[in-house]
Amino acid sequence: MPARRPTVGYLSTSGVDGKGGLMGTKRFTILHSNDMHGDFLAEEREGGGPLHGGLALLSAYVNKVRAEEENVFYVIAGDMVQGSIIDSDFKGISTIDIMNYITPDVVAVGNHEIDYGVPHLLFLEKIANFPIVSANLYIKGFDKRLMEPYVIIEKAGFDVLFTGIITEKIVDAMKLDEVIGAFMDVHEAAGEVGRICNAYRNDDIDLTILLTHIGFESDKELAALLDPEWGVDMIIGGHSHTVLEQPEVVNGILVTQAGTGTDQIGRFDIVVDDDTNSIVEWTWELIAIDSDLIEPDQGMVEFIDRYKSEVDRKYSVVVTKLTHEHTHPRREIETELGNLMADALADETQADVVLLGAGSVRVEKLGPVVTLMDFMGCFPYDDAVTRYTVTGATLMRMFGHWMRTENRDGEGECYQVNAGVRARYSDADGALVSLEVNDAPVAEDATYTVALQGYHAKNCEAYLSVTEEELLAAGPSKVVTTSAAEVLEAWLRDHQLQGRHVEGRLTYE
């Protein structure tokens, strides 16, 4: 990924001293990542060239900037964990241990930090040598925050306040938890930001930064809702994996994000005015992290190898060989790998329709040789699968809801489907055009079996426009497996040389 050309911006004006500098100001460098998803290892891209990404190169760059610049922050806007076998095998402990080596200044909670459960999240927080903040994650009934809501860091005589805002998806992930809850939308989150900022209205907070995990479009909506009197200067976000040419300025607030993984890092160089407590000058770059930029941090290489060697020993066995490399470039479209996984679940569950959460598939490509490590990195989530009976009318409503245009924005929940399902959606009309199951049009008064992962069943109203009561009303339901991962692994072992292509199961026109 090429580096972006920096742009010089001015958010306000201030006096200039006799040396051409701004009076009462300090320069800061803010490095930021988001959605790293256990992307520990550098990789060589197809066709050769430099190594890209990985925490050894990223660590080296952060160290370099910390050595070159006087006032540096490195922050992470959620989702450090989940997405690699090294992370999932150690349930995030490896990630926190490795991130302790880099030592970010502040980290915000993302939706995947909750994947291993709330008690485990609190355990990870305890072993972290850096603050993990979330302002709007609460213990129900007690009006107590689960995490530290903010941190104030003094640097060069300036006080900088960081707070964290979590995505609505954290509520979805915690619907099985009766104790923990969060504010549901950006309006309520904006109010929480206001409460924190108002608590320090009389203190000399020079810079206020929100670390969010709600997606770029929601970040802009949030920025527009914030009262300028609260003094928020910057929103550094995550969740939607957005790559920007330059930050946007909304309501006088800089809003940015840095894609996903460790192939790049965002860099702000800013000037902050102590008198007005505001950013008066800024530049921003999205910097490609590769071996042309810097040599890897060898200490980090050795540190990661401690975990990698143990994982390699456990998971190097070959599970299956596919006919060709299967790809999954985007969750919003039908993919080869999604088709393969959905077909495997359909075979094992004997359901008419499998709705496999497209975000459950965590890699962009798999095969042709698939080791256990490859598979676990591809499908790290373990969840039950239940087969429900629904009417054709309900099934068409479900497809019409999740296939809608506004849901396919990088933040919505989309699905992969099994062979025998053909769904056509009109973006122009905003409606489902047709739905076929087993090569026949769906009849509204007929019944069909649908397989859903537990997470999606628990959030069926938001994701599929159907209530849990409706899922149970039309006919019998059955938990067909308590472990989707085990079923998929067994199917792959038993079905060698499988191959799928994109064949028009999902069509948008």
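Residues numbered from 1 in each chain as written. Predicted model: local features only at pLDDT ≥ 70, side-chain atom pairs only at ≥ 80, totals over all residues. Heavy atoms only, no water.

Observations regarding the nonpolar core
Okay, so step 1: With 73 residues, the main nonpolar core has Leu55, Tyr74, Ile265 and Met341 as its most contacted residues.
Okay, so step 2: Per-element accounting of this core gives the leading share, eight residues, to helix α1 (residues 55-68).
Okay, so step 3: Once residues lying within four places of it in the same chain are set aside, the contact partners of Tyr74 are Leu31, His32, Ser33, Met36, Leu58, Val62, Arg66, Ile102, Pro104, Asp105, Val106 and Ile265.
Okay, so step 4: In terms of nonpolar packing, the next biggest core, distinct from the first, is built from 51 residues, Val151, Phe158, Ile165 and Ile253 among them. (Core = buried A, V, L, I, M, F, W, Y, C linked by side-chain atoms within 4.5 Å. Buried < 20%, exposed > 50% of the residue type's maximum accessible area, 1.4 Å probe, protein only. Helix = DSSP H or I, 4+ residues; strand = E, 2+ residues; numbered from the N terminus. Contact = heavy atoms within 4.5 Å.)

Quick word on the sheet that holds strand β29 (residues 478-481)
Okay, so step 1: Across the sheet, five strands lie side by side as β24-β20-β28-β23-β29; this open sheet has mixed pairing. Each of the sheet's edge strands pairs with one partner strand only, and the pair in question is β24 (415-417) and β29. Looking at each pair of strands side by side, their axes are set apart by 30° on average, direction ignored.
Okay, so step 2: Here helix α9 (residues 336-349) sits on the sheet and contacts β20 (353-357), β23 (385-391), β24, β28 (447-453) and β29; the angle it forms with β20, its principal contact strand, is near 130°. (Pairing = 2+ DSSP bridges. Axes fitted to C-alpha atoms, helices over the stretch in contact; angles between N-to-C directions.)

Here we look at the sheet that holds strand β17 (residues 278-288)
Okay, so step 1: Taken together, the six strands give an open sheet; going across it, the order is β6-β5-β4-β1-β16-β17, and neighbouring strands pair in mixed fashion. The open sheet is flanked by β6 (132-133) and β17, the only strands paired with a single partner.
Okay, so step 2: As paired strands, strand β1 (residues 25-33) and strand β4 (residues 72-76) are joined by five bridges and run parallel to one another. Counterpart to Leu31 in the pairing with β4 is Tyr74.

Here's the deal with the confidence of the model for the chain
Okay, so step 1: With 92% of its residues at a pLDDT of at least 70, the chain reaches an overall mean of 90.
Okay, so step 2: In the predicted structure, residues 13-21 sits below a pLDDT of 50 and forms 12 contacts with residues beyond four places in sequence or in another chain. (pLDDT = per-residue confidence, 0-100.)

With respect to the packing of helix α3 (residues 93-102) against helix α8 (residues 298-315)
Okay, so step 1: Interaxial distance between α3 and α8 falls to 11 Å at its minimum, and their mutual angle equals 170°. One finds that α3 runs roughly antiparallel with respect to α8. Side by side, α3 and α8 meet where Ser94, Asp97, Ile98, Tyr101 and Ile102 of the first sit next to Gly299, Met300, Phe303, Ile304, Arg306 and Tyr307 of the second. (Parallel < 35°, antiparallel > 145°, perpendicular 65-115°, else oblique.)

Section: helix α4 (residues 118-127)
Okay, so step 1: Here α4 has its buried residues at Val118, His120, Leu121, Leu124 and Glu125. An end-on view of α4 places all buried positions within 155° of arc, on one side of the element. Turned more than 90 degrees from where α4 packs its buried face, Pro119 and Lys126 sit exposed. (Arc of directions from axis to C-beta.)

A short note on the pattern of salt bridges
Okay, so step 1: Enumeration over the complete set of coordinates arrives at 22 salt bridges.
Okay, so step 2: Between Glu468 and Lys458 there is a salt bridge, with the nearest N and O atoms lying 3.9 Å from each other. Within this pair, whereas Glu468 is found in helix α14 (residues 468-473), its partner Lys458 is found in helix α12 (residues 454-458), the two being separated by 10 residues in sequence.
Okay, so step 3: Counted as one network, the salt bridges with shared partners bring together Asp343, Arg422, Arg500, Glu503 and Arg505. (Salt bridge = Lys/Arg side-chain N within 4 Å of Asp/Glu carboxyl O.)

Considering the side chain of Arg505
Okay, so step 1: Structurally, Arg505 can be placed in the loop between α15 (484-494) and β30 (506-508).
Okay, so step 2: Looking at Arg505, the relative accessible area reads 1%, which means it is buried.
Okay, so step 3: A polar contact is formed between the side chain of Arg505 and the backbone oxygen of Val417, at a distance of 2.8 Å.
Okay, so step 4: Beyond its immediate sequence surroundings of up to four residues, Arg505 is in contact with Glu334, Asn339, Asp343, Val417, Asn418, Ala419, Val421, Arg422, Ala423 and Arg500. (Polar contact = N/O pair within 3.5 Å; in protein donor to acceptor, adjacent residues only side chain to side chain.)

Quick notes on the state of the cysteines
Okay, so step 1: For the coordinates displayed, the defined rule picks out zero disulfides.
Okay, so step 2: Free of any disulfide, Cys414 has its nearest cysteine sulfur in Cys460, 17 Å distant. (Disulfide = S-S within 2.5 Å.)

Remarks on the pairing of strand β15 (residues 253-256)
Okay, so step 1: In β15, alternate side chains face the same way, and those of Ile253 and Val255 on one face and Leu254 and Thr256 on the other are all buried.
Okay, so step 2: As judged from the three bridges shared by strand β14 (residues 248-250) and β15, these two strands associate in the antiparallel manner. Looking at the pairing, Glu248 lines up with Val255 of β15.

Focus on the pairing of β23
Okay, so step 1: Counting buried positions along β23 yields five of seven residues, so the element is predominantly enclosed.
Okay, so step 2: Two elements, β23 and β28, share seven bridges in a ladder whose sense is antiparallel. Pairing of Thr386 across the sheet is with Leu452, part of β28.
Okay, so step 3: Where β23 lies against β29, three bridges are found, and the strand directions are antiparallel. Residue pairing across strands places Val385 opposite Thr481, the latter belonging to β29.

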